[in-house]
Amino acid sequence: MLSAAAGSVQERDEEQEDEGEEELRDGGVPFYVNRGGFPVDEETWERMWRHVARIHSDGEALGRAIRRATDLPKIPVPSVPTYQPTTPIPQRLEAIQKYIRELQYPLPDHYFKTLTTTCRYNHTGTQFFEIKKSRPLTALMDIAKEMTREALPIKCLEAVILGIYLTNSMPGVERFPISFQSQFSGNHFHHIVLGVHSGGRFGALGISRREDLMFKPLELRTLTDLVQDFEGAYRGYWHTLRKVRIGQYVSHDPHSVEQIEWKHSILDLEKLTKEELRKELERHTRDMRLKIGKPAPPSPTKDRRNSIGSPLRGPGSPVRRISRTERRSSGEKKSLERKSSADMNGYQIRV
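Parameters at a glance
- Residues numbered from 1 in each chain as written.
- Predicted model: local features only at pLDDT ≥ 70, side-chain atom pairs only at ≥ 80, totals over all residues.
- Heavy atoms only, no water.
- Phe/Tyr/Trp six-rings, centres within 6.5 Å; stacked < 30°, edge-to-face > 60°.
- Helix = DSSP H or I, 4+ residues; strand = E, 2+ residues; numbered from the N terminus.
- Buried < 20%, exposed > 50% of the residue type's maximum accessible area, 1.4 Å probe, protein only.
- pLDDT = per-residue confidence, 0-100.
- Contact = heavy atoms within 4.5 Å.
- Core = buried A, V, L, I, M, F, W, Y, C linked by side-chain atoms within 4.5 Å.

A. Region of the structure containing the packing of aromatic side chains. Summed over the entire model, instances satisfying the criterion amount to five aromatic pairs. For the ring pair Phe-176 and Tyr-249, a centre distance of 6.0 Å and an interplane angle of 55° mean the geometry is tilted. Here Phe-176 is found in strand 5 (residues 174–184), whereas its partner Tyr-249 is found in the loop between strand 9 (240–246) and strand 10 (265–268), with 73 residues between them in sequence. In this pair, the class of Phe-176 matches that of Tyr-249, namely buried. Geometrically, the ring pair formed by Phe-180 and Tyr-234 is tilted, given 5.8 Å between the ring centres and 55° between the ring planes.

B. Spatial organisation of the confidence of the model for the chain. When pLDDT is averaged across the chain, the result is 78; 69% of the residues are at 70 or more. Within the chain, the element-level pLDDT minimum falls on helix 1 (residues 2–19), averaging 41, and the maximum on strand 7 (residues 201–205), averaging 98. The low-confidence segment residues 1–26 (pLDDT under 50) makes 54 contacts with residues lying over four places distant or belonging to another chain. Taken together, the stretch residues 332–351 has pLDDT below 50 and engages in 37 contacts with residues farther than four places along the chain or on a different chain.

C. How the structure looks around the nonpolar core. Met-147, Ile-154, Ile-161, Leu-162, Ile-164 and Ile-260 are the most contacted members of the largest nonpolar core, which totals 39 residues. When contributions to this core are tallied by element, the ones reaching two or more residues are helix 2 (42–55), helix 4 (89–104), helix 5 (137–150), helix 6 (156–167) and strand 6 (187–198). By residue number, the principal contributor to this core is helix 6, which donates eight residues. The residues contacting Ile-164, other than those within four sequence positions of it, are Leu-137, Met-141, Arg-175, Leu-194, Val-250 and Ile-260. In terms of nonpolar packing, the next biggest core, distinct from the first, is built from 24 residues, Phe-202, Ala-233, Tyr-234 and Leu-269 among them.

D. Seen up close, the side chain of Thr-148. Along the chain, Thr-148 turns up in helix 5. Note on Thr-148: relative accessible area 17%, which makes it buried. Each residue touching Thr-148, except ones within four places of it in the same chain, is listed here: Val-80, Tyr-99, Leu-162 and Tyr-165.

Next comes the structure, spelled out in structure tokens:
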């Protein structure tokens, strides 16, 4: 029985890592996901208020005071950033990050002077937008549009999807997910940001409780510099960075049915020397460049099918699909077993 229990805990940890969420079980603290869409249904609202009552010292009194208040401050709705054609890429990325922050922190700064800085993060215990990482890109972009309409606080994975949506119109900017697993006081924490590359420089977009664990200006020369910048930030909060997972470049086509490749390289920092880590990141950078040079396969037209044949395959034979590039795992051996159906159905929220 103990062995089975230990195995189930490990499976849950692996599911959490696969989803890349910052707070699916952030240090052992669970949270909910709004699966009912918008407008938010009554059951989701009541569940959120029960969670707020549990985590605050004043309990239910705090919830009642807020829900009965008639003089709450009016929350401004942030505007999606727009640019002139001549606006430089770094300024556009800064405007996008500012918009993401305004979604997260919609109130003026002076409102928070008497509050702790942690009040400026989504502590409702509910993620408002359901993100299933196995969905095609076009479906995730529809969710990003909904984020701009609803203007609700978001978490780190939602910020990555929104960042992709807002940079789709910038063909000179390549985007790729970077997820982190850190450890502090015996608990594991997960976080994800959107890496960006343009003009030979790297940076990042995202959201976090910590200023230096989200936005990185487009100033870092290599992917190694970017990862080391985040690693140094984690050390500043007494966290040990254990693993880094880096995906491939994301298509700029908002109607693409491709899935985002979230974990092309899996780097185990406990088993890699600094030199080995640098070589792995350089290899990943080359892999990303190769993807740019590979155009999407054209749809076979009738004329093309009639004019091109194969001596090994008859006209009625099925076309063999090209297998997806295998993920690269450094410092550990990954099994090639298929994910279970539970893994492919989205988050498994446990409370």
